[in-house]
Amino acid sequence: MKPETAYSGELAEPEGWVGKALPRREDDRLLEGAGRYVDDISLSGQLYAAFVRSPHAHATLRNVDCSQASRAAGASLCLTAEDFKELHEVAPNWVLPRSTPRGRPILAKGKVRYVGEPVALVVASSPALARDAADLVEIDYDPLPAVLHQDDARDVGAPLVHDDMESNLAATFAPGNGGFEEAATGAPFRTQFSLRNQRLVPFSIEGRAVNADYDPVTDRMTLYIGHQIPHMARRMVASTIGFPEHRLRVISPDVGGGFGPKMHVYQEEAVCALASIRLGRPVKWTERRSENVCNTTHGRDHAMHVDVAADLDGQLLAMRVESRANIGAYMSSMGSGIPTVNVGLFVMGVYDIPNVEVDIRCFYTNTPPVDAYRGAGRPEASYLIERTIDRVALELGIDQAEMRRRNFLTENQIPRRQPTGAMIDTGRYHHTLEEALKRSDYEAFRAEQKAARQTGSLIGIGIANYTESCGIGPGQVQKLVGFDRGGYESARVRMTSDGGAVVFSGSHSHGQGHKTTYAQIAADELGISPDRIDVIQGDTESVPQGVGTFNSRSVAVGGSAVKVAAGRVADRIHRLAAHLLQAKPEKLERDGDVFKAPASNTSVTFAEVCHAAWTGHNVPPDLGVGLEETEFYHPTSMSAPYGAHIAQVEIDRETGELALTRYVAVDDCGKVINPLLARGQVHGGLAQGIGQALWEDGMPQADGSTVLDTPLPRFDMLPRFETSHTVTESWTNPLGAKGLGEAGAIGAPPAIVNAAIDALWHLGVRELEMPLTPASVLDAIEHADAGGEP
Amino acid sequence: MIPASFDYVAPSSPREAIRLLESDKDAVLLAGGHSLLTALKQRTKRASRVIDIAQIGLGEVSITVDGDLKIEAAVTQTALAEYCAKVGWTILAEVGEKAGDPMIRERGTFVGALCAAEPGGDWAAAALALDAQLHIYTSSGEYHLPYAEYLEDGLAESHMVLGALVPAQHRKARQGYVKVKHAGIGWSVASVGFVECGEGIQLGAGGALSKPARLRSVEDQFAKIAATDDRLASIFSALEGLEFHGDRYAPAVWRRKRLAILLRDITQAHSFKEPA
Amino acid sequence: MLALQAEGASITTAEGLREHRIGSVLQDAFKACHGLQCGYCTPGMLAAAVGLLQANPNPTEDDVRQALRGNLCRCTGYEHILDAVQLAAANLPEEASA
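Keep in mind the model is a prediction, meaning the values are calculated, not measured. (Residues numbered from 1 in each chain as written. Chains lettered and ligands numbered in written order. Predicted model: local features only at pLDDT ≥ 70, side-chain atom pairs only at ≥ 80, totals over all residues. Heavy atoms only, no water.)

Colleague: Help me understand the sheet that holds strand β2 (residues 27–30) of chain B, please; the structure alone is not making it clear to me.
Modeller: Strand-to-strand pairing in sheets goes through backbone hydrogen bonds, with the strands running parallel or antiparallel. Residues and elements named next belong to chain B. Strands sit in the order β1-β3-β2 across an open sheet of 3 strands; the sheet is parallel. Each having just a single partner strand, β1 (7–9) and β2 make up the two edges of the open sheet. On average, each strand axis in the sheet is inclined to that of its neighbour by 25°, with strand direction left out of account. Two strands pair when backbone bridges link them, and β2 and strand β3 (residues 49–52) are joined in this way by 4 bridges, in the parallel orientation. Residue pairing in the sheet places Leu29 in a bridge with Ile51 of β3. Packing against the sheet, helix α1 (residues 14–23) makes contact with β1, β2 and β3, and its axis sits at approximately 165° to β3. Packed onto the sheet, helix α2 (residues 34–41) meets β2 and β3 and runs at close to 135° relative to β2. (Pairing = 2+ DSSP bridges. Helix = DSSP H or I, 4+ residues; strand = E, 2+ residues; numbered from the N terminus. Axes fitted to C-alpha atoms, helices over the stretch in contact; angles between N-to-C directions. Contact = heavy atoms within 4.5 Å.)

Right, dumping it as structure tokens:
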């Protein structure tokens, strides 16, 4: 990638800092091995925790005997649920109205409900000794019949995951405007099909890690945790263990990838905190990969069905969506909201469909809990609608790009609240699709495909016109759906006496580069170089309140908070400079770091103004001392980024092996703050989306366990990505920015599966499921060859 | 995961290594460590004592006076591949490009890979096609054992493999290694090492079978297969009775077909005289 | 490998690359190309890239992909890392290949 290619599509090198492809300021330290992740931090008196985990998907827990483990070399403590009788479960944070929440028990009590569930904790003087001691914990299990799949969980007479419930149904959600049956009956065209969005293991390279440090002298606790939302971690850990928030400090240092799972609070952080209180020493737990794949939350896992009606020109008339979601053994932090609200609202995508009905049901099963994973519901929704569009197009013999043009919401129809409740702020779908079609040489490919079919060669092209929703808030919307969390973001901007600035942000980067982008935003407001601006995040002592980084909200909400706060500071600087020069603010001129009053030909430097503000010898009463502003920014609404992705594939008819030959992505996230970083986000999302489409599979094994080495994309498995942007600004925040971090994970699966079906449709193949393993593609081809019912 | 505690010792002779091995039933030998250390970390294997062969001075790859390729136990895969690229037995250079990744090959040993004999391993398949022999050392004496036998039957008594020997006759023969890689993991899902030998061909298969194996039934029928119209069908029947294994990504049925296609491609690249 | 097995060897980690002829060029290239996001895989990527460029100062794209195949990254999709290694190869001082 050459620097000039960073400004692709409708991006252009800007005058100011926002929009510039600056290299990151975080990098020097990380490139020199000075990254500091939780496991790197060792405290005086450090102890180490190891967990004993259930090998059974479902079993009665008869007896947990810690006596041998407690006596092991170096062991300090062995704890089970018996030691926490008075404590509640780890409660979910998003509890959908009318759902039946069952949070994770602090440690398994009476029963174990998934392979990997923590049953006992051992604390010892080294990680190896802790692990050795953990091997000595003796546990009696009586295995019980387990239910692993949602369709088994919903059967009458299925094993109950929670004995105090009458069924395994955890939550339901049915958005839409009704009228499907009436619209579909007698429609000129109607079709239905099923599709699966498979469970995935998010697999951040750094696992979860916690170091709980309770100081008995001050009665305060510091919790080091690799987390995306440190303030919520503080609140949720405090309430789980019954510790006052004002004496709990959370420090999230460098975080080695988040992708969603590091947003939640699990058993381990609560248990380590409690162990630290008992011992009066810091207790550190660093997740091993074998724990990460079976205890840290999984993603996706929907079994879906679509029934859709259209006219013969492909105009969609009505759609009915039904989905059964597997949320695992316990309701995780956002586990009731992601598969329901985040999926249900967005199943219409960018299309105009008069009647839509959605019915989503979430089931408990004896598997690891499922929660947000890059895209968090929007990939499931986009996969469904984009596959439906292609399905209708292919059945009717309409080109898939044309089908989309006929059904897109037009610019006149936007802003719009879709019948399912999705809010679309801005979008130019025709425009962005045309851009992607041009870049992917769509027409030429169709000609090439026609010729290829003569020789039996199988190539296909697939489109995904995803949209999604980012930048959560405002809070009122969250309240309606039971999501007990703020929708704002905090920013405090403070000038230092020497003319520098510090930005304290409630966002927390786990790779996104906020220290660079937020400095760019503040730099434009303050009129100084980003080099003079430091961005601090992650420590609740420095940043007392915030919401955090998820849902691609940091630029839109956190960045807007920075812009607003920095803007107010800039205004104060200007007015103070005017005061110091005894000039009217509107007459004041600024040239770089010098403020000039032309009338009196006097000047003052930027640093002198800052110094004056903080010494306070000459500040007007309406300004007062200081140059510091805090903003809790609440966006007007969520925004709807969108894009057009196009994948080209080639399939070997004999082996079923699929090659992804080309991937074009045109994304529209409104204003782009740093095109270089934006591109990195798209790439990362694409890798995960392609991983889901072609290789990854987190579905449980027959015994309920999760495979340790699920195939992940590696260096030699991905093509170069052709990425570009159109820019359709949002009115929901002063930056005009939407989110981008999850785009690739949302767009890639439907683009690729659509391409594969496009390649094979003429053979009679109608459906394919992810991952598109060679075996499954070959099965589909052979089944069609044999004249199987399409 | 973290291994359970073990002792570490680095003897300076095979005799000392065997003595250590025999004195403790839970002692194991360490060569490159890729198989052993992974198993120890996951606690699927326990060792009271790890006996590192690095100090025994078995790091040489050379050609014997008889013209055979001699590969001592501590010779790394990278060193072997580089050597063979220059002197012959080029299938081993080809495996060197397709097996693992540079970091694995830099530390992993050829002999270690043969002893571990992972189903998806590449070196074992090539060694089988090459009629490799293992140089076995025990407290009662040293001898050579065909690798195929070692793989099939194992060896009950405490022993150390000092090296491997590959016959001179295969040095310049037409040979190669074809591999279909498992997405993401790097093991093979189906692979064949082939070495032409006289009128026939020798085939070592990996990936698709439960254990790397010589495909003797396919070898015996090779000329016949090459002469039929539907090669795939005759290859399938030649593969009858072999045990295939798989996983969710690449099930056994698919691996069998993929292996058959690799074999068919090999037959197409060779021309054979019709049987007399 | 076991730490013990490195006895007698000289070890360079990411902390030492600023003084390393190839390593420092790589560090600059990673920064210029946005070859890291969370930074967790980065020391490993750098080490593997140093190994590659020491053996092969003019790698093709495929050479880079194969050489770094053993290093997993979940953030970048690998492309910017590829760009960084290629940029570093182009910027290697003449004598670095010695």
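Colleague: What is the right way to read the state of the cysteines from this model?
Modeller: Disulfides are covalent bonds that connect the sulfur atoms of two cysteines. If you walk through the whole model with that rule in mind, you get 1 disulfide over all chains. Here Cys66 of chain A is linked by a disulfide to Cys78 of chain A, with a sulfur-sulfur distance of 2.2 Å. Measuring handedness by torsion sign, the sulfur bridge of Cys66 of chain A and Cys78 of chain A sits at about -55° and is left-handed. Highlighted residues: Cys66 of chain A in the loop between β2 (59–65) and α2 (67–71) and Cys78 of chain A in strand β3 (residues 75–79), separated in sequence by 12 residues. No difference in accessibility class separates Cys66 of chain A from Cys78 of chain A, as the two residues are buried. Unpaired in this structure, Cys115 of chain B has its nearest cysteine sulfur neighbour in Cys84 of chain B, at a distance of 18 Å. (Disulfide = S-S within 2.5 Å. Buried < 20%, exposed > 50% of the residue type's maximum accessible area, 1.4 Å probe, protein only.)

Colleague: I would appreciate a short explanation of empty space enclosed by the protein in the present structure.
Modeller: Residue and element names in this part refer to chain A. Scanning the entire structure with this criterion turns up 9 cavities of 30 Å³ or more. Of the pockets and cavities examined, the largest cavity occupies roughly 60 Å³. In this structure, the largest cavity is lined by Arg300, His302, Gly335, Ile338, Pro339, Val370, Asp371, Ala372, Tyr373, Ala376, Gly377 and Glu380. Of the residues contributing to the lining of the largest cavity, the split by class is 6 nonpolar, 3 polar and 3 charged. Around the second largest cavity, the lining residues are Phe193, Arg387, Asp390, Arg391, Leu394, Asn754, Ile757, Trp761 and Arg766. Listed by contribution, the elements that provide at least two residues to the lining of the second largest cavity are α10 (378–396) and α19 (743–760). Residue contributions to the lining of the second largest cavity peak at 4 residues, all from α10. (1 Å grid on protein atoms, 1.4 Å probe; cavity = no way out; pocket = protein on both sides within 12 Å on 5 of 7 lines; lining within 4 Å. Points joined across faces, edges and corners; volume = space filled by probe spheres on them. Nonpolar A, V, L, I, M, F, W, Y, C, P; charged D, E, K, R; others polar.)

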